[in-house]
Amino acid sequence: MSNNEIKSEIDDYEKWEKDKEYQKDSIVRFPLQAEFLWKSKWITSDKPGDSKNGAGSDAWERLRYPLWNASTTYREREKVRHNGKIWIAKWTIMGEEPKGSGGPGLPWDPIEE
């Protein structure tokens, strides 16, 4: 699954569960309260995270941008993923959904990455 095929809503993804085996290319939420998604590189039951600091396993890759969340405050130039696109905030905002094609007066612009 490419980053462009990632679903747009955080609740569409299951929460990571201890002792559960995940197949290659599984995508889960972890930590459970955050908006970041992790994609498994191979079959694993390890916890997502960076094994260098003891917090998790290299079996997982954190996807580059968090999913947009209505209750999160975003600062100018922060990027999010929403509805299959990457968006950049033009000023500090909260609760305004990235949509349309951006432009003057709108808080988000879609970008190509």
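In this report, the structure presented in the accompanying data block is examined. (Residues numbered from 1 in each chain as written. Predicted model: local features only at pLDDT ≥ 70, side-chain atom pairs only at ≥ 80, totals over all residues. Heavy atoms only, no water.)

Looking at the overall build of the protein chain
In step 1: Of the regular secondary structure elements, the protein chain holds 0 helices and 8 strands.
In step 2: Mapped in sequence order, the helices and strands of the protein chain form the string β-β-β-β-β-β-β-β.
In step 3: Looking at the 113 residues of the protein chain, the share that counts as buried comes to 37%.
In step 4: The long-range share in the protein chain, meaning contacts at least 24 apart out of those at least 6 apart in sequence, stands at 29%.
In step 5: A total of about 6900 Å² of accessible surface is found on the protein chain, and carbon and sulfur atoms cover 46% of it. (Helix = DSSP H or I, 4+ residues; strand = E, 2+ residues; numbered from the N terminus. Buried < 20%, exposed > 50% of the residue type's maximum accessible area, 1.4 Å probe, protein only. Contact = heavy atoms within 4.5 Å. Areas by Shrake-Rupley, 256 points an atom, 1.4 Å probe, with all protein chains shown as cover.)

Focus: the pattern of salt bridges
In step 1: Applying the stated criterion across every chain, the model contains 4 salt bridges.
In step 2: The shortest N-O distance in the salt bridge between Asp 25 and Lys 24 comes to 3.6 Å.
In step 3: Asp 25 is the partner of Lys 39 in a salt bridge, and the nearest nitrogen-oxygen pair spans 3.9 Å. Taken together, the positions of Lys 39 in strand 2 (residues 37-40) and Asp 25 in the segment before strand 1 (27-29) put the pair 14 residues apart, joining distant regions of the chain.
In step 4: Overall, Asp 25 belongs to the partly exposed group, its relative accessible area being 34%.
In step 5: Through salt bridges that share partners, Lys 24, Asp 25 and Lys 39 make up one connected network. (Salt bridge = Lys/Arg side-chain N within 4 Å of Asp/Glu carboxyl O.)

Describing the sheet that holds strand 2
In step 1: Overall, antiparallel pairing links the 3 strands, which are arranged 1-2-3 in an open sheet. The open sheet terminates on both sides in strands that have one partner only, identified here as strand 1 and strand 3 (60-62). Going across the sheet, the axis of each strand differs from the next one's by a mean of 35°, ignoring polarity.
In step 2: The pairing of strand 2 with strand 3 spans 3 bridges and is classified as antiparallel. If you follow Ser 40 over to strand 3, its bridge partner there is Trp 60. (Pairing = 2+ DSSP bridges. Axes fitted to C-alpha atoms, helices over the stretch in contact; angles between N-to-C directions.)

As for the sheet that holds strand 5 (residues 79-82)
In step 1: Taken together, 3 strands build an open sheet; the order of strands is 5-6-8 and the sheet is antiparallel. Bordering the open sheet on either side are strand 5 and strand 8 (108-111), each of which pairs with just one other strand. Put simply, the sheet's adjacent strands are angled 40° from each other on average, direction ignored.

As for the environment of Thr 44
In step 1: Secondary-structure assignment places Thr 44 in the loop between strand 2 and strand 3.
In step 2: Dropping the residues within four chain positions of it, Thr 44 is found in contact with Lys 20, Glu 21, Tyr 22, Ala 59 and Trp 60.

A closer look at the environment of Glu 76
In step 1: Its place among the elements puts Glu 76 in the loop between strand 4 (73-74) and strand 5.
In step 2: On the basis of relative accessibility, which here comes to 52%, the residue Glu 76 falls in the exposed class.
In step 3: In the structure, Glu 76 is positioned 32 residues away from Trp 108 in sequence and 9.5 Å away in space, judged by C-alpha atoms.
In step 4: When sequence neighbours within four positions are dropped, the list of residues in contact with Glu 76 reads Ala 89, Lys 90, Trp 91 and Thr 92.

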